[in-house]
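# Coordinate inspection notes
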Amino acid sequence: ITQATELASYMVLVDVFAGVVDFGFDQTFSVANPASQYSRGILFWGGPYTNRNTSGLSEEEAKEARKADDDQLKNYILENYLEKMDKQSDPATHATLNSYYFMTAIIGDVILDIVTQDGLLALFSFAFVFCWIRLNTGSWFLAFVGFFEIFFSIPVAWFLFTVVFQIKYFSTLNTLALFIVAAIGADDIFIFMDAYKQSQYHLDILTDLETRMSWVYRRTGTAMAITSATTCAAFLCTLITPLSSIQSFGIFAACVILIDYVLVMSLFCTAVVIYHDRYESRAKCGCCCPCGVQTPSVTENAKAAIEANNGEEMKRDRVSEFFRTKVSSFVQKPLNRLVLAVVFLSWVGISIWQATKIEPTKENEQFLDENHPLQKSISILDKEFPTANDDIGMKVYYAWGLGLVDRTGVNRLLEPDNFGVPTFDSNFDFNDQCQVELLSFSDRLKTDPKYRGLIKRKNGVGQVYSFIEELAAFNVYGNLNNCTEVKRGDWRNADWQVDTADLPEMMPKFLEQKTCFADDGETVASRYSKEVGWDGATLKYAAISAESDQLDPFGQDSEFLTRKEYDQFILLAEEADELVSVHCSGSVVMTDLDEKFVFMNNQSIYVQTAIQSAILGVCIAFVVLLVSTRVFHIAFFASLSITCVLISVVGTMVMMGWYLGSIESILIGIIAGFSVDYVVHLAHAYEIASGDTYERITEAFGDLGISVFNGMITSVVASIPLFFCQLQFFAKFGTFLCLTIAFSWIFANFGFMSLLAQLKIPLKEKGRGCSL
């Protein structure tokens, strides 16, 4: 604490002096605490980067020239300084000081570099999927075909999405389809291959390859059709939201799942036949040159092996035997089921308790890892500093003469650029009294102390953009050359109101004038480009804008903060209606052009549709299971398992400190789509098995235990590299995917199957008829 900081602490209390010092001190700085933990400064880069004479150029040409200079300077900074700036941001660089940078011009390039790095991490996920497929199929040929089939479903689905359905809206969420199809596609391959391997133990279907593949095809086709239909339906639940981005994602994800199913049942099935005829058993690595058809065939050898074993059941692979014997017998023991019941009920109870505590985020949503220097600087600037004179506030507009946008026939899925047709209020009248009230309203926004904290102030005056002042001065003086008189308001003593009949002649000259409220030679047309609704012949609308004290044009503010400011601006609009609208013959329209209020509304929709989509997804899963199995209790128990997964994931998210932001809401909405596979596979295997309850459980675990386990391992391990992504959406998606898949596997294997074992509800043979 020095005399300088003491002086500064008193200066910030005086509006006319606050602008000199407030930028450099944090919000805790005061007379009582004349010390600041954080400080900031602005470095102005030199320019223009190259010599250029812009005199004689039109405003548009000069703007393009400045943009070219800015781009060249930006590239120079990226090439020569960004690495050094990152080094300065490293906490290890300085012992007592942390330094972070924020530069709007380079944010796009920094994020692009981050996307590239995160994309490389995603490659590790895909590489693991390929290696795990190779390990479980035992064939390089099948691994390559399977991997090709998984990712070939993306362009085929894209064709269906864009050409057949004519959907043009591409959401960034659609990129998640890569991870979705990698997880679900690998799971389908494991189901098919394990059925193929298990078919060699059934003597009655080993008469020839056609009979054997027919059995595999029917067994896996039905199971995967049920899971694919349920998953597709769960993703299509996103259509209940009015947000085009989520609708686009839901439709595209459903298309990808559908095409993946078709390709598994066609392309991969064909590859298995080729593998059987040419590659299987010919090399230890499972792959060799494409020699002729094997004689005798692998199927004939399998049949001979069973016959040589006097028809007794052949021993299966170790993992299948583990699930068939160990896991199955574990579930069948009453004491184990009791322990599982206590554990599951306790966990679900805790998860419900935690899930009820989830609340919308009250802070700005982070899009980068919290330790990234750019995110550090954004967080500090957002949380630690008050709004200073030199900060840029979000402009809020109050317009008269505008109508609501006509959205008749608007479908942004089909026409992404069609936002509707703007309409204008034909009753709008820019008469003398209307001009007087507009000027009076702008004066109130600037000087009324009750708007302090709502409207940003500079040197004690509200930051308001009102073209009426300069239009009035221009009408009196014929130009805006004497800015001192314009700002002082000497023109107010004259008859300054503009006759609307003079506007066609006056407006072109007025718009070419240099504004008195900017220091860089900006024209009136540029400064009030959004406030003046001049179409060349008539004034369609007139608007006044004010900078928000709390909101800025950057980043994504939480709904909590934005809603609080929005409500105050709405109250201000109601005041404007009472004071101005009666004279201008039209209602005021309040809005922003930075889409902060749109995002605020979207966040509310995210929260609403997340819960709706999740519940609807569970209901659809129940209906599909009931229709496919025709067994009520199986469908009910499977849906109960999916519900437990939903509760567990949401509860864990709260335990991890997550709030309900846009990312979390989207992920909750698609939980049902991710969590149905394992329980549906086991439910279908149980339903088509024969014997009593324990025999069905044993057969279900023996047939699909390994497939479900492989699917779980693939998805969980593939999600781990995403934990290290710097983009928070992908990092959270990786965590979400890992949690959903892990909980799905646990509840399907030990929750759902334990319920069946405990209740022992009998089934008709092959599940015909609805059993209660």
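Please refer to the structure placed before this passage.
Residues numbered from 1 in each chain as written. Predicted model: local features only at pLDDT ≥ 70, side-chain atom pairs only at ≥ 80, totals over all residues. Heavy atoms only, no water.

## Some remarks on the side chain of T220
- When you line up the elements, T220 lands in helix α8 (residues 209-236).
- A residue is classified by how much of its surface remains accessible, and T220, at 2% relative accessible area, is buried.
- If we ignore the near neighbours within four places in the chain, the residues touching T220 are I191, F192, A195 and M265. (Helix = DSSP H or I, 4+ residues; strand = E, 2+ residues; numbered from the N terminus. Buried < 20%, exposed > 50% of the residue type's maximum accessible area, 1.4 Å probe, protein only. Contact = heavy atoms within 4.5 Å.)

## What to know about unusual backbone geometry
- Backbone geometry places Q166, a non-glycine residue, at a positive phi of 60 degrees.
- For Q166, the position within the fold is in the loop between α6 (140-164) and α7 (177-198).
- One non-glycine residue, S585, lies in the positive phi region at around 60 degrees.
- Relative to the helices and strands, S585 resides in the loop between α19 (559-584) and β7 (588-592).

## Some details on the state of the cysteines
- All chains considered together, the criterion is met by 2 disulfides.
- Residue pairing for C434: its cysteine sulfur links by disulfide to C584, the two sulfurs lying 1.9 Å apart. With the S-S bond torsion at 95 degrees, the cross-link from C434 to C584 turns out right-handed. Note that C434 is positioned in helix α14 (residues 432-447) and C584 in helix α19, a separation of 150 residues in sequence. For the pair C434 and C584, one class covers both residues: buried.
- Covalently, C483 is tied to C516 through a disulfide, its sulfur atoms 2.2 Å apart. (Disulfide = S-S within 2.5 Å.)

## Some details on the nonpolar core
- Core analysis: the biggest nonpolar cluster contains 138 residues, and I180, F192, I668, F733, F752 and M753 have the highest contact counts within it.
- For this core, the leading source of residues is helix α9 (residues 244-279), giving 20 residues.
- With sequence-adjacent residues up to four places away left out, I180 is seen in contact with G185, F235, F249, A253, I257 and F674. (Core = buried A, V, L, I, M, F, W, Y, C linked by side-chain atoms within 4.5 Å.)

## A short note on the side chain of R219
- Within the fold, R219 resides in helix α8.
- Dropping the residues within four chain positions of it, R219 is found in contact with H684, I688, E699 and D703.

## Notes on the pairing of β7
- Only one face of β7 is covered, namely the face carrying V588, M590 and D592; the face carrying V589 and T591 is uncovered.
- Where strand β1 (residues 395-400) meets β7, 5 bridges bridge the pair, whose relative direction is antiparallel. The residue of β7 that forms the bridge with Y398 is M590. (Pairing = 2+ DSSP bridges.)

## Remarks on the pattern of salt bridges
- One pass over the structure, following the stated rule, counts 11 salt bridges.
- The partner of K74 in a salt bridge is D109, and the shortest N-O contact between them spans 3.2 Å. With a gap of 35 residues between them, K74 in helix α3 (residues 59-80) and D109 in helix α5 (residues 104-137) connect regions that are remote in the sequence.
- You can call D109 partly exposed: its relative accessible area is 29%.
- Of the charged contacts, one joins D443 and R492 as a salt bridge, the two residues approaching to 3.0 Å between their closest N and O atoms. (Salt bridge = Lys/Arg side-chain N within 4 Å of Asp/Glu carboxyl O.)

## Here's the deal with the packing of helix α20 (residues 596-629) against helix α21 (residues 632-655)
- Where α20 meets α21, the closest approach of the two axes is 8 Å, and the angle between their N-to-C directions is 155 degrees. Our classification of the angle between α20 and α21 gives roughly antiparallel. Like other packed secondary-structure pairs, α20 and α21 cross with a definite hand, here right-handed. Note on element contacts: α21 touches α20 through F632, A635, F636, A638, S639, I642, T643 and L646, opposite A614, V618, A621, F622, L625 and L626.
- For the contact of α20 with α21, a count of residues per class yields 12 nonpolar, 2 polar and no charged. (Axes fitted to C-alpha atoms, helices over the stretch in contact; angles between N-to-C directions. Parallel < 35°, antiparallel > 145°, perpendicular 65-115°, else oblique. Left-handed = near helix turned anticlockwise from the far one by under 90°. Nonpolar A, V, L, I, M, F, W, Y, C, P; charged D, E, K, R; others polar.)

## So, the environment of V319
- Within the fold, V319 resides in helix α11 (residues 318-332).
- Of the residues examined, V319 reaches a relative accessible area of 36% and is grouped as partly exposed.

## Details of the packing of helix α12 (residues 334-355) against helix α26 (residues 728-759)
- In the contact formed by α12 and α26, the axes pass within 10 Å of each other and the chain directions differ by 130 degrees. Judged on the interaxial angle alone, α26 and α12 are oblique. Two packed elements cross with a definite hand, and for α12 against α26 that hand is left-handed. Residues R337, L340, F344, W347 and V348 of α12 form the contact with α26, whose participating residues are F743, I746, F747, F750, G751, S754, A757 and Q758.
- Residues belonging to the contact of α12 with α26 are distributed by class as follows: 9 nonpolar, 3 polar and 1 charged.

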